[in-house]
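Listed below, chain by chain, are the residues.
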Amino acid sequence: MSSVRLEAVRGNGISNNMVKHRDIELQPASLDIWDKKYRLKSKRGEAIDQTIDHTYQRVARALADAEASPELARHWYERFLWALRRGAIPAGRITSNAGALEHKPATSTINCTVSGSIGDSMDDILEKVHQAGLTLKAGCGIGYEFSTLRPRGAYVSGAGAYTSGPLSFMDIYDKMCFTVSSAGGRRGAQMGTFDVSHPDVKEFIRAKREDGRLRQFNLSLLITDDFIAAVKADGEWPLIFPVRLNEAEDIALDDPEQVIWRDWPLHEGYVSRDDGKVACKIYGRIRARGLWDMIMASTYDYAEPGFILIDRVNEMNNNWWCEDIRATNPCGEQPLPPYGSCLLGSVNLTKFVREPFTERARFDWEEYREVVRVFTRMLDNVVEINGLPLPQQREEITRKRRHGMGFLGLGSTVTLLRMRYGSKESLAFTEQVAREMAVPGWEVALQLAEEKGPAPILNEEFEVDLAMLAKRPEMVADGWKVGDRIPGRLLHARYSRYMQRVAKVAPELVEKLAQTGARFTHHSSIAPTGTISLSLANNASNG
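None of these values were measured; they are calculated from a predicted model.

What to know about the sheet that holds strand β9 (residues 259–262)
- Pairing is antiparallel across the open sheet formed by 3 strands, whose spatial order is β8-β10-β9. The open sheet terminates on both sides in strands that have one partner only, identified here as β8 (236–242) and β9. On average, each strand axis in the sheet is inclined to that of its neighbour by 50 degrees, with strand direction left out of account.
- Sheet contacts for helix α9 (residues 288–302): β8 and β10 (278–287); angle to β10, the most-contacted strand, approximately 80 degrees.

See below:
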């Protein structure tokens, strides 16, 4: 990682090897948001960060101190501070909480989490409420899947009664989130996802039409490839839920008119086969296109629910062999497994425009790549000071070390470069921005793996099974058989659909990652960046 552009900003001076660029003075609204959300203050409300640059210094120091020695900490503090001044913007939880341990010790530097799978029992529902409360209190957003709960009107043998359904339990989570004070001066944020085949799917679609209901939630449907195919064919769509073991005698499991065998996130207590499929009772059938029209009408009229192409998510997931993703963080940019967590950060693209609005307007690709490289190491150090409240969350993030680096200010940057937003020229520019973030990021993933070791999961070995070979037929062509042992780094670098795309641009890099492993399993994620765009990016356009 060598470049004269990485020479440190020392004090308030700038190295002679760097070009000094004049920044526009921050707008009053931007300063106000920084003061209310990101500025470190004592419990008496006294400002500890005197300026935004002091905030940068606090964050750079906290992340540099995660390095292995005082010498490395001093070295990387200067470079981290340079990157922060040149457009690297850590997400709100990092900016607010990194280096603030003395003043708010129970807060986290992680924006994104997903709950553990909610089991269909009162004990587990309330246990997950408790865990979510602790997560929200630490300042994290959280997502859940609620279609693991049996439909309204289903019989609960232990209680001798009929359940009120998953939507009523979502109300409990909603009230908990409203009540819990989230750290860092922001309200709690939640995502609720729901399978499009659940018998209560229509109730989920209409939920927010009721005034005041589920106001602490964003809602999204889990849309499968089979549902899309049924919509295109104008076919029927079965509404299903798993058959419990104590219900097996009451239903013909081999009758396709009564039961569908399919993947399900939970197996305990349900009828399942050796191939992992779970028996699901068909509660009814509806016209797929009619359900699609209901979704579209609700989205048009109420902006919810959104929908997640969940089969595409799992197909493109870098950890495809060991994760079944069913939920996302509250804004939807981070699909995560149960107890999954991900840190976030964005690069302000407007910082790299030279001579804006002129015929000589250009983008400084060299400095952009350097900021991405330094920022990648900076974000990797966030894992060491994650501050997550649950041991399951800490285990997930340290085992996989997920990153979520993105960019903001794209619309503003395109305008500064005198391009029309949405033109072919702007689309090509956007593609290059994403590529020049991804490739240097994975280069640093290799460098860090060589220096500090890869993400632990990539050093683990996994047993090849039929499900794995079905998902990746090319593994059979490569000679892998059921029962073989294969390292995670190969499954990640060689057989991840996303990494296969990276290999088309940087084949030698990806082959080295297959041999050594990467420091993290994921690198890029484009977040909405609403508040940091308004504040630290001086009201640049959102991500």
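Quick word on helix α19 (residues 497–505)
- Every buried residue of α19 is accounted for by Arg497, Met499 and Val502.
- Of the surrounding elements, those touching the buried residues of α19 are α10 (310–316), α14 (424–452), α16 (466–471), α17 (474–477), α18 (488–493) and α20 (507–516).
- Its side-chain oxygen placed 3.3 Å from the backbone nitrogen of Tyr498, Ser496 serves as the N-cap of α19.

Overview of helix α8 (residues 225–233)
- Three or more residues of α8 are buried, namely Phe227, Ala230 and Val231. End-on, the buried residues of α8 take up no more than an arc of 100 degrees, which puts them together on one face. For α8, the exposed residues lying more than 90 degrees away from the buried face are Asp226, Lys232 and Ala233.
- Backbone geometry just after α8 places Asp234 at a positive phi near 55 degrees.

Quick word on a nonpolar patch on the surface
- Together, Met122, Leu126 and Ile172 give the surface a local cluster of nonpolar side chains, amounting to about 260 Å² of exposed area.
- Within the secondary structure layout, Leu126 lies in helix α5 (residues 122–137).
- Accessibility expressed as a relative area gives 42% for Leu126, which makes it partly exposed.

Observations concerning the packing of α19 against α20
- The interhelical angle for the contact between α19 and α20, taken along N-to-C directions, is 135 degrees, at an axis separation of 6 Å. The angle between the axes of α19 and α20 places the two elements in the oblique class. Mapping the contact onto sequence places Met499, Val502, Ala503 and Val505 in α19 and Pro507, Val510 and Leu513 in α20.
- Across the contact of α19 with α20, the residue classes break down as 7 nonpolar, no polar and no charged.

Considering the nonpolar core
- Core analysis: the biggest nonpolar cluster contains 57 residues, and Phe80, Val347, Phe363, Tyr368 and Phe429 have the highest contact counts within it.
- The contacts of Tyr368, once residues within four sequence positions are left out, are Val347, Leu349, Phe352, Phe363, Phe407, Val433, Glu436 and Met437.
- Grouped together as the second largest cluster of nonpolar side chains are 35 residues, Phe204, Leu214, Phe227 and Leu239 included.

Overview of the confidence of the model for the protein
- For the protein, the average pLDDT comes to 93, and 94% of its residues sit at 70 or higher.
- Here residues 1–19 is a poorly scored stretch, pLDDT under 50, and it has 38 contacts once near neighbours within four places are set aside; other chains count.

A few points about unusual backbone geometry
- Of note, the amide linkage connecting Glu304 to Pro305 takes the cis form, showing an omega dihedral of 0 degrees.
- Of note in this structure, Ala303 is not a glycine but carries a positive phi near 65 degrees.
- Tracing the sequence through the fold places Ala303 in the loop between α9 and β11 (306–309).
- Phi angles above zero are rare outside glycine, and Arg418 is one such case at about 65 degrees.
- By the secondary structure assignment, Arg418 is in the loop between α13 (410–416) and α14.
- Judged by its relative accessible area of 49%, Arg418 falls in the partly exposed class.

Rules of the game
Residues numbered from 1 in each chain as written. Predicted model: local features only at pLDDT ≥ 70, side-chain atom pairs only at ≥ 80, totals over all residues. Heavy atoms only, no water. Pairing = 2+ DSSP bridges. Helix = DSSP H or I, 4+ residues; strand = E, 2+ residues; numbered from the N terminus. Axes fitted to C-alpha atoms, helices over the stretch in contact; angles between N-to-C directions. Contact = heavy atoms within 4.5 Å. Buried < 20%, exposed > 50% of the residue type's maximum accessible area, 1.4 Å probe, protein only. Polar contact = N/O pair within 3.5 Å; in protein donor to acceptor, adjacent residues only side chain to side chain. Arc of directions from axis to C-beta. Patch = residues over 30% accessible without salt bridge, like charges linked within 9 Å, V, L, I, M, F, W, Y side chains within 5 Å. Areas by Shrake-Rupley, 256 points an atom, 1.4 Å probe, with all protein chains shown as cover. Salt bridge = Lys/Arg side-chain N within 4 Å of Asp/Glu carboxyl O. Parallel < 35°, antiparallel > 145°, perpendicular 65-115°, else oblique. Nonpolar A, V, L, I, M, F, W, Y, C, P; charged D, E, K, R; others polar. Core = buried A, V, L, I, M, F, W, Y, C linked by side-chain atoms within 4.5 Å. pLDDT = per-residue confidence, 0-100.

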